[in-house]
Amino acid sequence: MRLYKNKSDIQGFITHLKDKKRVIGFVPTMGALHAGHISLIQAARQQSDFTVCSIFVNPTQFNDPGDLQKYPRTIEKDLYLLELHGCDAVFYPGVEEIYPPNAGPAPHYNLGRLESILEGAYRPGHFQGVADVVSRLFYTIRPDKVFFGQKDLQQCRVIERLMADNPDFERIRMQMVPTLREPGGLAMSSRNTRLSAEELRKAPAIYQTLLYLKEHLAPGDLAPLQEAAKIRLIREGFRPDYVSIVDTSTLEACPSWNGQTPLTGLIAAYLGEVRLIDNMELV
Ligand code: PAF
C-alpha cells in the first residue's frame, strides 16, 4: 500500500494511473476507521481498478472546537486496517497541505436548503466545511468513483449537489453504501469509541426508535409520531436535537404523508457528551 502525505506526490501517481486508463475509486475519511469504513473500501475495490483512501480530520467542518479536539486519531491502526483490506493508496495530508496558509478564503458553496435543515440547522458552517474539503480532495485525487456512507445521508445529498453544480466533477459517480450496525443496531461511527459502557448499552435506542417510526408510519399528520419517538428517546436518557420524518430525495420535512412519497426518518441526539446521528428509510 502506498502512503502519500504531499499533494504533488499523489497527483503525480494519479496522472500515471490516468494515463493507464485505470478506474480510480476514492473513499474520503477522517480516520478512526471501523467496519463501516471497511465496507466502503470493499465497495471501492469491487468497482474500481485502484482504491485510494484519504485520512484527514478536517478542521473546517467542526463547528465545536472541543469536538475537533476530542475526535479520535488512530493512524497506526487505520493504516494497518487499510493494508489488511487491500486499499491501494492512502493520502494522509497535514492541515497546511489542504489549506495552504497563503491561499485566499474558501469559496462559498451554494448548498441550498441542505445547509439550513437538520444537521445544517444544528451545526452552522459544517456543510460548507465538508463541501470545501471534499472539493479539494476531488481535485487532488481526480476519482472516477466515490464512496460515502448512508449514515451521513445529508452529507451524501450535499456531495451530490456539489458534483451536480461543478462541471469538473460531472463524470464522477457516487455510491452511497448502506450503514453497518453493531449487533444491537447501533450505527457504526468513529464517535462510538467515546461512549462509556453504560452509554453503549443505551445507544441502540436510536435504532429502536427508527424502527418504531417505520412500524407506526401511516398517511396523515406525522407530528404526533415524531413527538412520540422523541419522548421515547428522552425517557432512555437522550437529549434529541431532532427526530424528523423527511422526503427521502430532498430531505425536506414532511408534515403530512400522502401514503406515496418515499420517506426517511432521521435522528440526532446526545447521549452524555456524544452526539449520535442515524437514519432509516421508512418507506
Ligand atoms: O464523512 C466524513 O468522514 C467526512 O465528513 C469527510 C467526507 C471525509 C469530509 O471530511
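Structure first, text after, so check above.
Conventions we followed
Residues numbered from 1 in each chain as written. Predicted model: local features only at pLDDT ≥ 70, side-chain atom pairs only at ≥ 80, totals over all residues. Heavy atoms only, no water. Helix = DSSP H or I, 4+ residues; strand = E, 2+ residues; numbered from the N terminus. Rg over C-alpha atoms; globule rule 2.2 N^0.38 Å. Buried < 20%, exposed > 50% of the residue type's maximum accessible area, 1.4 Å probe, protein only. Contact = heavy atoms within 4.5 Å. Areas by Shrake-Rupley, 256 points an atom, 1.4 Å probe, with all protein chains shown as cover. Lys, Arg positive; Asp, Glu negative; His and termini not counted. Charge placed at Lys NZ, Arg CZ, Asp CG, Glu CD. Pairing = 2+ DSSP bridges. Axes fitted to C-alpha atoms, helices over the stretch in contact; angles between N-to-C directions. Near = heavy atom within 4 Å. Polar contact = N/O pair within 3.5 Å; in protein donor to acceptor, adjacent residues only side chain to side chain. Expected span 1.5 Å × (residues − 1). Arc of directions from axis to C-beta.

## Looking at the overall build of the protein chain
Point 1. When its secondary structure is counted, the protein chain shows eleven helices and eleven strands.
Point 2. The globule rule puts the C-alpha radius of gyration for 283 residues at 19 Å, and the 19 Å found for the protein chain is close to it.
Point 3. Along the three orthogonal principal directions, the C-alpha set of the protein chain runs to about 55 × 40 × 40 Å.
Point 4. With 283 residues in all, the protein chain has 51% of them scored as buried.
Point 5. Of all intrachain contacts in the protein chain linking residues separated by at least 6 positions in sequence, the fraction that spans at least 24 positions is 72%.
Point 6. Carbon together with sulfur atoms contributes 51% to the accessible area of the protein chain, which is approximately 13400 Å² in total.
Point 7. Here the protein chain carries 32 positive and 33 negative side-chain charges, and the mean point of each set is 2 Å from the other.

## Notes on the sheet that holds strand β8 (residues 239–247)
Point 1. Spatial ordering of the open sheet is given by β8-β10-β11, a layout of three strands whose pairing is antiparallel. Across the chains shown, the open sheet's two edge strands, defined by having one partner strand only, are β8 and β11 (274–281). Across the sheet, the mean angle separating the axes of adjacent strands is 10° when strand polarity is ignored.
Point 2. Note that strand β10 (residues 263–271) and β11 share eight bridges and pair antiparallel. Note that in β11 the partner of Leu 266 across the bridge is Asn 279.
Point 3. Packed on one face of the sheet, helix α10 (residues 205–216) meets β8, β10 and β11 and runs near 30° to β11.

## Focus on the sheet that holds strand β2 (residues 24–29)
Point 1. Overall, parallel pairing links the six strands, which are arranged β1-β4-β3-β2-β5-β6 in an open sheet. Where the open sheet ends on each side, the last strands, each with one partner, are β1 (2–4) and β6 (173–177). Pairs of neighbouring strands in the sheet enclose a mean axial angle of 25°, with direction left out of account.
Point 2. In this sheet, strand β5 (residues 145–149) lies alongside β2 in parallel orientation, the contact comprising two bridges. Looking at the pairing, Gly 25 lines up with Lys 145 of β5.

## Side note on the site of the ligand
Point 1. Around the ligand sit Pro 28, Thr 29, Met 30, Asn 58, Gln 61, Val 133, Phe 148 and Gln 155, and that is every residue in its neighbourhood.
Point 2. In this structure, an oxygen atom belonging to the ligand sits 2.6 Å away from a side-chain N or O atom of Gln 61.
Point 3. The separation between an oxygen atom of the ligand and a polar side-chain atom of Gln 155 is 2.6 Å.

## Notes on the environment of Ile 38
Point 1. Along the chain, Ile 38 turns up in helix α2 (residues 35–47).
Point 2. The class of Ile 38 is buried, set by a relative accessible area of 6%.
Point 3. Not counting residues up to four positions away in its chain, the partners in contact with Ile 38 are Leu 81 and His 85.

## Considering helix α1 (residues 7–19)
Within an α-helix, residues lying three or four positions from one another point in the same direction, as the helix has 3.6 residues per turn.
Point 1. Between its first and last C-alpha atoms α1 spans 18 Å; for 13 residues at 1.5 Å apiece the expected length is 18 Å, and the two agree.
Point 2. Three or more residues of α1 are buried, namely Ile 10, Phe 13, Ile 14 and Leu 17. Within α1, the buried residues cover an arc of 105° as seen down the axis, which keeps them to one side. Residues of α1 that are exposed and point over 90 degrees away from its buried face: Ser 8 and Asp 19.
Point 3. Taken together, the buried residues of α1 touch β1, β2, β3 (50–55), β4 (89–91) and α7 (126–141).
Point 4. Downstream of α1 by a residue or two, Lys 21 has a phi angle that is positive, lying close to 60°.

## Details of the pairing of β11
Point 1. Buried residues dominate β11, accounting for seven of its eight residues.
Point 2. Linkage of β10 to β11, two consecutive antiparallel strands, is achieved through a turn of two residues, within which Gly 272 is found at a positive phi near 60°.

## Describing the side chain of Ser 39
Point 1. The residue Ser 39 is located in helix α2 in this model.
Point 2. Ignoring any residue separated from it by four or fewer positions in sequence, one finds Ser 39 in contact with Val 177 and Leu 180.

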